[in-house]
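# Observations on the model geometry
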Number of protein chains: 2
Amino acid sequence: MARIVAERADIVPKLGEIFREHGFEGASLALIGQKTGLGKSSLYHFFPGGKEEMAAAVLADIDAWFEANVYRPLREADDPRRAIADMRRSVVDYFRSGRRVCLVGAFALDNVRDRFALEIRNYFVAWTQALGASLERAGHDRQIAHQRAEEAVANIQGALVLSRALGDPSVFERALARIEAQLLA
Amino acid sequence: MARIVAERADIVPKLGEIFREHGFEGASLALIGQKTGLGKSSLYHFFPGGKEEMAAAVLADIDAWFEANVYRPLREADDPRRAIADMRRSVVDYFRSGRRVCLVGAFALDNVRDRFALEIRNYFVAWTQALGASLERAGHDRQIAHQRAEEAVANIQGALVLSRALGDPSVFERALARIEAQLLA
DNA sequence: GTCTATATGGAGATAGAC
DNA sequence: GTCTATCTCCATATAGAC
């Protein structure tokens with residue numbers, strides 16, 4: 001099972017952290033090599049497409065994580081209100097109370113936005129639709145459910161921006177408490 | 001008055017647009033030279049500190065604009081509720097219904113965040129305090145006013161992220177209508 | 001799969017003439 | 001204040017041995 005040699009699957013999460021901390025352009029191959037402990041040759045062995053392929057792999061990894069841990073629970077849970085409360089916990093945890101940046105949100109504001117426009121779009125569409133489905137099953141009108149979901153997803157991003165700008169994780173936690181309350185109201 | 005030769009004051013707004021569109025690292029000196037019509041020498045004549053000084057000048061310019069057009073009206077207007085409605089209009093206009101990125105928010109998520117940590121922080125603190133002052137004068141408890149202001153400022157950033165990610169300005173406009181309604185409620 | 005060495009381009013920045 | 005020419009450095013990416 002566990003091998004000494006590197007595998008793509010081991011590297012991708014590390015790449016994610018590096019991109020989160022330094023951004024796409026700020027994550028030089030030298031830095032990536034340093035942080036992953038891999039030489040450039042190894043990196044190109046795993047990702048022949050270079051940095052762009054690395055970022056794409058990270059985005060796919062993020063998508064898979066949210067699909068399994070956020071979207072699907074929202075869509076399929078027996079109790080939609082409980083699923084929303086679970087979402088809050090997952091999200092606060094995932095973003096480390098706002099200390100961790102949302103890579104997709106950061107990409108959306110960044111120079112790379114055009115290169116990953118589809119992935120960025122899909123992330124937010126999927127989240128909004130899954131949350132909308134939960135709200136609908138919780139008894140809301142379809143239109144209202146979608147509106148509220150969109151609002152919540154946007155507000156989470158806003159909380160990430162502000163809490164990072166102020167260097168204050170409590171901003172994020174308070175915001176997520178409010179967002180959950182609004183969703184459950 | 002109006003001279004042919006370039007002045008710092010003429011260049012800074014252009015720099016702002018370039019940084020908004022391409023990010024700090026994506027705005028190469030070659031690109032800046034191209035878009036401003038100035039050679040590198042001229043740019044270094046105006047900004048001996050290079051790109052960092054350019055970005056600092058842009059942030060100072062943004063701060064001055066918000067101070068004059070947003071913060072001061074919020075603090076000093078006779079009718080605080082009217083000031084909040086004016087803020088919404090100013091903000092929708094300024095961000096071109098979400099088509100224009102908030103440079104400060106983008107910097108907050110970017111690699112350059114540490115270099116401009118103070119300016120980024122001040123932007124959001126000033127906005128939150130000015131809006132909080134308006135809400136207080138509108139009759140809210142000090143604590144509540146601050147909370148609501150922080151929430152609104154964060155939500156505006158979230159609206160910018162989402163509307164850009166979806167490529168849909170209507171997301172931004174709807175969000176700002178909601179935000180205004182929540183502030184005036 | 002990982003190493004060392006290297007190609008090549010573009011980045012930020014500067015010098016000095018005009 | 002703006003030009004042309006140039007410096008230096010580091011970026012991404014590749015080649016080929018092991």
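Up top is the structure these notes are about.
A brief report on the enclosed structure follows. The numbering scheme is per chain: residues are counted from 1 as the chain's sequence reads. As they are written, the chains are lettered A onward and the ligands numbered 1 onward, keeping that order. Reporting of local features is limited, given that this is a predicted model, to residues whose pLDDT is at least 70; pairs of side-chain atoms are given and counted only at 80 or more, and all residues count toward the totals for whole chains, interfaces and linings. Excluding hydrogens and water, the side-chain values take into account all heavy atoms of the structure.

## A word on the interface of chain B and chain A
Note the cut-off: Any two residues whose heavy atoms approach within 4.5 Å at even a single point are treated as in contact. Throughout, the accessible surface (probe 1.4 Å) given up by two parts as they are put together, summed over both, is called the buried area. Salt bridges are identified by distance alone: a Lys or Arg side-chain nitrogen within 4 Å of an Asp or Glu carboxyl oxygen. The definition of a polar contact used here is a pair of N or O atoms within 3.5 Å, where within protein one atom must be able to donate a hydrogen and the other to accept one, and adjacent residues in sequence count solely through side-chain atom pairs. To qualify as a helix, a DSSP run of H or I must reach at least 4 residues; to qualify as a strand, a run of E must reach at least 2; elements of each kind are numbered from the N terminus.
Taken together, the contacts link 35 residues of chain B with 35 residues of chain A. Together, the buried faces of chain B and chain A total about 3200 Å²; carbon and sulfur atoms form 56% of this surface. For the pair chain B and chain A, the number of links is four salt bridges. Salt-bridge contacts for R174(B) lead to E150(A); the nearest nitrogen and oxygen are separated by 2.7 Å. Put simply, chain B and chain A have 14 residue pairs in polar contact (both at pLDDT 80 or more) between them. Contributions of two or more residues to the side of chain B that touches chain A are made by α1 (8-26), α6 (103-109), α7 (117-137), α8 (142-166) and α9 (169-184) of chain B.

## Points about the protein's contact with DNA strand C
Definition in use: It suffices for a single heavy atom of a residue to lie within 4 Å of a molecule or strand for the residue to be listed as near it.
Taken together, 15 residues lie near DNA strand C, and S41(A), L29(B), S41(B), Y44(B) and K51(B) sit nearest. Sugar and phosphate atoms constitute 59% of the interface atoms of DNA strand C, taking the interface as everything within 4 Å of the protein. Within the side chain of S42(A), a nitrogen or oxygen atom sits 3.3 Å from a sugar or linking oxygen of DNA strand C. Between DNA strand C and K51(B) there is a distance of 2.7 Å, counted from a phosphate oxygen to a side-chain nitrogen or oxygen. Among the elements of the structure, α3 (40-46) of chain A together with α3 (40-46) of chain B are those that each provide at least two residues to the surface near DNA strand C.

## Observations regarding the nonpolar core
Inclusion rule: Only buried residues count toward a nonpolar core, which is a set of Ala, Val, Leu, Ile, Met, Phe, Trp, Tyr and Cys residues joined through side-chain atoms within 4.5 Å. The rule is simple: take the accessible area with a 1.4 Å probe, protein chains only, and divide by the maximum for that residue type; under 20% is buried, over 50% is exposed, in between is partly exposed.
Counting 132 residues, the largest nonpolar core has W127(A) and W127(B) as the members making the most contacts within it. W127(B) has contacts with F66(B), V70(B), Y71(B), L74(B), M87(B), V91(B), F95(B), V153(B) and I156(B), leaving out every residue within four places of it along the chain.

## As for the relation of the copies chain B and chain A
What counts here: Superposing copies: least-squares fit, C-alpha atoms only, residues required to have pLDDT of at least 70 in both.
For these two chains of identical sequence, chain B goes onto chain A by a turn of 180° and a shift of 0.0 Å along the axis, with RMSD 0.0 Å. On the angle and the small slide along the axis, the relation comes out as a two-fold axis. Among all residues of chain B, the minimum C-alpha distance to the rotation axis is found for G158(B), at 1.8 Å.

## With respect to the packing of helix α1 (residues 8-26) of chain A against helix α2 (residues 29-36) of chain A
Residues and elements named next belong to chain A. Rules: Between the N-to-C directions of two axes lies an angle of 0 to 180 degrees, each axis being a line fitted to C-alpha atoms and, for a helix, fitted only over the stretch in contact. Crossings are classed by handedness, with left-handed meaning an anticlockwise turn of the near helix from the far one by less than a right angle and right-handed meaning a clockwise turn. Side-chain classes follow a simple rule in which Ala, Val, Leu, Ile, Met, Phe, Trp, Tyr, Cys and Pro form the nonpolar group, Asp, Glu, Lys and Arg form the charged group, and the remainder, Gly included, forms the polar group.
In the contact formed by α1 and α2, the axes pass within 10 Å of each other and the chain directions differ by 145°. As α1 runs across α2, the sense of the crossing is right-handed. On the side of α1, the interface is formed by I11, K14, L15, I18, E21, H22 and G26, while α2 contributes L31, I32, K35 and T36. When the residues that make up the contact of α1 with α2 are grouped by side-chain class, the tally is five nonpolar, three polar and three charged.

## As for the pattern of salt bridges
Counting across every chain of the model gives 22 salt bridges over all chains. In this structure, E67(B) and R72(B) form a salt bridge, with 3.8 Å as the shortest nitrogen-oxygen distance. Residue R72(B) is classed as partly exposed on the basis of its relative accessible area of 36%. Each of E17(A), R20(A) and R100(A) takes part in salt bridges that share partners, so that together they form one network.

## What about the protein's contact with DNA strand D?
The environment of DNA strand D is made up of 15 residues, and the closest members are L29(A), K40(A), Y44(A), K51(A) and S41(B). Within the backbone of L29(A), a nitrogen or oxygen atom sits 2.6 Å from a phosphate oxygen of DNA strand D. Measuring from a base nitrogen of DNA strand D, one finds a side-chain N or O atom of K40(A) at 3.5 Å. Breaking the surface near DNA strand D down by element, the ones donating at least two residues are α3 of chain A together with α3 of chain B. It is α3(B) that provides the largest number of residues to the surface near DNA strand D, a total of four residues. Here the surface near DNA strand D is composed, by residue class, of six nonpolar, seven polar and two charged.

## Remarks on the side chain of Q157(A)
Residue placement: Q157(A) occurs in helix α8 (residues 142-166). Apart from residues no more than four positions distant in its own chain, Q157(A) is found in contact with C102(A), G105(A), Y123(A), F124(A), G158(B) and V161(B).

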